[in-house]
Amino acid sequence: MARTRLTPERESELYAAVLDLLREVGYDALTMDAVAARTRSSKATLYRQWGSKPELVVKALRHDKPGDLADIDTGSLRGDFHAALGRTDDCQMQKSSALMRGLMQAVHDNPDLYQALRELLIEPEITGLDSLLRRAVGRGELRPDNPALKYVPHMLVGAFTARQLVEDRPIDHAFLTDYVDSVILPALGV
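Trainee: I would appreciate a short explanation of the side chain of Asn-110 in the present structure.
Mentor: By the secondary structure assignment, Asn-110 is in the loop between helix H6 (90-109) and helix H7 (111-138). In this structure the side chain of Asn-110 is engaged in a polar contact, spanning 2.7 Å, whose partner is the backbone oxygen of Ala-106. If sequence neighbours within four positions are ignored, Asn-110 has contacts with Tyr-27 and Asp-28.

Next up, the structure:
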């Protein structure tokens, strides 16, 4: 049977329902049946469109994410980082952080989820970040041999996921902006 294309509105509605369910019940308890019931669709339709739960979850996460980092070019690395942070508000940042903490646990037991996350979310983000950093090297803001360059993704993920654990406070723009200015940029020699 031919795969029918969902309207962008319907696709957004399905992705929003998946993310809401993820926040409510977590990855392990999220089922295609629950998504079908929440969205008034058939389980067969969900499998036809996405093939698997990991693919549906990761596509929902990707859909929820603002544009590609590679598209940001303000003329300075500090400006690029600040523009990237400005693409989302504190509420969305907190929701994303909570989802990522939940998913980090789930990837240990679900190799398919891990693979989908790597291919569809993590690798494109790292590629976009690499473009942003390469432009800064090209502008002469960063030394190409700076050993901290390879750790920028680690620093960003650490900041994004650890604040709740370390300080029992939610992630927000003020914290991330200060982290970029106090930790990442100095580590890069900016």
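Trainee: Help me out: how do you make sense of the nonpolar core in this one?
Mentor: A general trend in soluble globular proteins is that nonpolar side chains are found buried together. Of all hydrophobic cores here, the largest spans 28 residues; its most connected members are Leu-22, Val-57, Leu-61, Leu-103 and Leu-113. Elements supplying a minimum of two residues to this core: helix H1 (8-29), helix H2 (32-39), helix H3 (43-50), helix H4 (53-64), H6 and H7. Once residues within four sequence positions are removed from consideration, Leu-103 is found in contact with Leu-22, Tyr-27, Val-57, Leu-61 and Leu-113. Listed in part, the 24 residues of the second largest apolar core include Leu-132, Ala-136, Leu-142 and Leu-188.

Trainee: Explain the packing of H6 against H7 here, please?
Mentor: A pair of packed helices is captured by two measures, namely the crossing angle of their axes and the spacing between those axes. Two elements in contact, H6 and H7, have axes separated by 6 Å at closest approach and are oriented at 125 degrees. Comparing their axes, H7 and H6 come out oblique. Contact with H6, carried on its side by Leu-103, Ala-106, Val-107 and Asp-109, involves Pro-111, Leu-113, Tyr-114 and Leu-117 of H7 and no other residues of that element. Tallied by class, the residues present in the contact of H6 with H7 amount to seven nonpolar, no polar and one charged.

Trainee: Before we go on, may I ask you to explain H3 in this structure?
Mentor: Note on helix geometry: an α-helix contains 3.6 residues per turn, so any two residues three or four positions apart are oriented the same way. Buried within H3 are the following residues: Leu-46, Gln-49 and Trp-50. Taken down its axis, H3 places every buried residue within 75 degrees of arc, on the same side.

Trainee: Got a minute to help me understand unusual backbone geometry in this structure?
Mentor: Residues other than glycine predominantly adopt negative phi, and peptide bonds predominantly adopt the trans conformation. Even without being glycine, Arg-40 reaches a positive phi, approximately 50 degrees. Looking at the element boundaries, Arg-40 is found in the loop between H2 and H3. The residue Asp-168 is not glycine, and still its phi comes out positive at about 55 degrees. By relative accessible area, Asp-168 is classed as exposed at 61%.

Trainee: Looking at this model, I keep getting lost on the packing of aromatic side chains. Mind explaining?
Mentor: Two descriptors summarise a pair of aromatic rings, namely the distance from one centre to the other and the angle between the planes of the rings. Summed over the entire model, instances satisfying the criterion amount to two aromatic pairs. Summarising the aromatic geometry, the rings of Tyr-15 and Trp-50 are spaced 5.6 Å apart at their centres and angled 65 degrees between planes, so their arrangement reads as edge-to-face. On the criterion of sequence distance, the pair formed by Tyr-15 in helix H1 and Trp-50 in helix H3 is long-range, its members being 35 residues apart. The burial state of Tyr-15 is the same as that of Trp-50; both residues are buried. Cation over ring: Lys-53 sits above Tyr-27, and NZ or CZ is 4.2 Å from the ring centre.

Procedures and definitions
- Residues numbered from 1 in each chain as written.
- Predicted model: local features only at pLDDT ≥ 70, side-chain atom pairs only at ≥ 80, totals over all residues.
- Heavy atoms only, no water.
- Helix = DSSP H or I, 4+ residues; strand = E, 2+ residues; numbered from the N terminus.
- Polar contact = N/O pair within 3.5 Å; in protein donor to acceptor, adjacent residues only side chain to side chain.
- Contact = heavy atoms within 4.5 Å.
- Core = buried A, V, L, I, M, F, W, Y, C linked by side-chain atoms within 4.5 Å.
- Buried < 20%, exposed > 50% of the residue type's maximum accessible area, 1.4 Å probe, protein only.
- Axes fitted to C-alpha atoms, helices over the stretch in contact; angles between N-to-C directions.
- Parallel < 35°, antiparallel > 145°, perpendicular 65-115°, else oblique.
- Nonpolar A, V, L, I, M, F, W, Y, C, P; charged D, E, K, R; others polar.
- Arc of directions from axis to C-beta.
- Phe/Tyr/Trp six-rings, centres within 6.5 Å; stacked < 30°, edge-to-face > 60°.
- Lys NZ or Arg CZ within 6 Å of the ring centre and 35° of its normal.

That's the geometry; what it means functionally is another story.
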